[in-house]
Amino acid sequence: MKKLCKGILLGVAALAVSGVLTGCGSKSEAKPLDEKKVTIGVTSGPHQEILEEVAKQAKKDGIEIKVKSFDDYNTPNTALNDGDLDGNSYQTFSFLEQQVKDKDYKIETAFKTVAFPLGVYSKKVSDLGKLQKGDKVGVPNDPTNEYRALKLLEEAGVLKLKDGVEVKATKNDIAENPKDIEIVELEASQIPSQLGELTAAAINTNFAFGAGLTINDDAIYHEPLEDNPNYNVFAIRTENKDDKIVKELKKYYQSDETKKFIEDKFKGSVVPAF
């Protein structure tokens, strides 16, 4: 009887240990993304339009891409990191790097998408050289995009940044401002609606498009249209970077059909980066 009880106890113990090990094992294993249905986050405007074109191509092969649109630059990464999205397509490589560094997100680049040259727009002046003392110039207030805007203003001769500033630079990193221009930091998506209250503003292309503004027709100064170093990326959780569906998404996004759609639709304001 003692031997029987001992055997039962050993069996129970073994099952308990097995259960613990199994639980630990399953916790560490990444769950691959569904190969037939994914939810991808974008910002409204060109990114959304391009992904909708990608979704049309994927649908022909039985893959459903649900497009979820956002109006800010922070929520899509939080949603991806938390598992509410399967991927996102809206940000520059440098912006993603900074977000991962600042917030310890477990997300990374899957592949290059497009480049959105940053432009400066105005309803009051036709040239940045015509800015007057005390004029207000709007810039995005998020990391990397504010730096891009300030660098653009520096290249135009409006101001000079401190030596050695990095992508998190803000208006506090301005070393020289001869016309005492007032730099107004605003949420990127809100800048187009504030343009009338400003002398000029740096506006990201996706939000400029939403306001009916284009690089070629409306910008008074802009980043290079070719070989733009501020390319955008498709982001994925690190645990899913090798999933089959990610390779399929890349194939559709970088297809000849998608490239032609981008070139025909945006006339150079948005350019393929692949």
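Whatever comes next refers back to the structure up there.
Residues numbered from 1 in each chain as written. Predicted model: local features only at pLDDT ≥ 70, side-chain atom pairs only at ≥ 80, totals over all residues. Heavy atoms only, no water.

## Looking at the sheet that holds strand β11 (residues 221–222)
Argument step 1. Reading across from one edge, β9-β6-β10-β5-β11 is the order of the five strands in this open sheet, with mixed pairing throughout. Each having just a single partner strand, β9 (182–186) and β11 make up the two edges of the open sheet.
Argument step 2. Two elements, strand β5 (residues 119–121) and β11, share two bridges in a ladder whose sense is antiparallel. Within the sheet, the bridge partner assigned to G119 lies in β11 and is H222.
Argument step 3. Set on the sheet, helix α5 (residues 145–155) makes contact with β5, β6 (136–140), β9, β10 (200–203) and β11; between it and β6 the angle comes to about 140 degrees. (Pairing = 2+ DSSP bridges. Helix = DSSP H or I, 4+ residues; strand = E, 2+ residues; numbered from the N terminus. Contact = heavy atoms within 4.5 Å. Axes fitted to C-alpha atoms, helices over the stretch in contact; angles between N-to-C directions.)

## Observations concerning unusual backbone geometry
Argument step 1. Backbone geometry places D104, a non-glycine residue, at a positive phi of 60 degrees.
Argument step 2. One can find D104 in the loop between α4 (93–103) and β4 (107–115).
Argument step 3. Judged by its relative accessible area of 53%, D104 falls in the exposed class.
Argument step 4. Even without a glycine there, the phi angle at D227 is positive, about 55 degrees. (Buried < 20%, exposed > 50% of the residue type's maximum accessible area, 1.4 Å probe, protein only.)

## Overview of the pairing of β10
Argument step 1. The two faces of β10 match: A200 and A202 on one face and A201 and I203 on the other face are all buried.
Argument step 2. Bridge analysis of β5 against β10 gives three bridges, and the strand direction is antiparallel. Across the sheet, the residue bridging to G119 is I203, located in β10.
Argument step 3. One ladder, built from two bridges, connects β6 with β10; its direction is parallel. If you follow V137 over to β10, its bridge partner there is A200.

## Side note on the packing of aromatic side chains
Argument step 1. Inspection of every chain in the model, using the stated rule, returns 10 aromatic pairs.
Argument step 2. Geometrically, the ring pair formed by F111 and Y253 is tilted, given 6.0 Å between the ring centres and 55 degrees between the ring planes. Linking F111 in strand β4 with Y253 in helix α9 (residues 244–253), this pair joins segments that are 142 residues apart in sequence. Here F111 matches Y253 in class, with each residue buried.
Argument step 3. Ring plane angle 85 degrees and centroid distance 5.2 Å describe the contact between F209 and F266, whose orientation is recorded as edge-to-face. Taken as a pair, F209 in helix α7 (residues 205–210) and F266 in helix α10 (residues 256–266) lie far apart in primary sequence, 57 residues in all. (Phe/Tyr/Trp six-rings, centres within 6.5 Å; stacked < 30°, edge-to-face > 60°.)

## Brief notes about the sheet that holds strand β13 (residues 271–272)
Strands in a sheet are paired, the pairing made by backbone hydrogen bonds, and the direction either parallel or antiparallel.
Argument step 1. Ordered in space as β2-β1-β3-β12-β4-β13, the six strands form an open sheet in which the pairing is mixed. Looking at the sheet topology across the chains shown, the edges are occupied by β2 (64–70) and β13.
Argument step 2. For strand β3 (residues 87–92) and strand β12 (residues 231–237), the ladder comprises four bridges, and the chain directions are antiparallel. In the sheet register, N88 faces β12, and the bridge partner there is A235.

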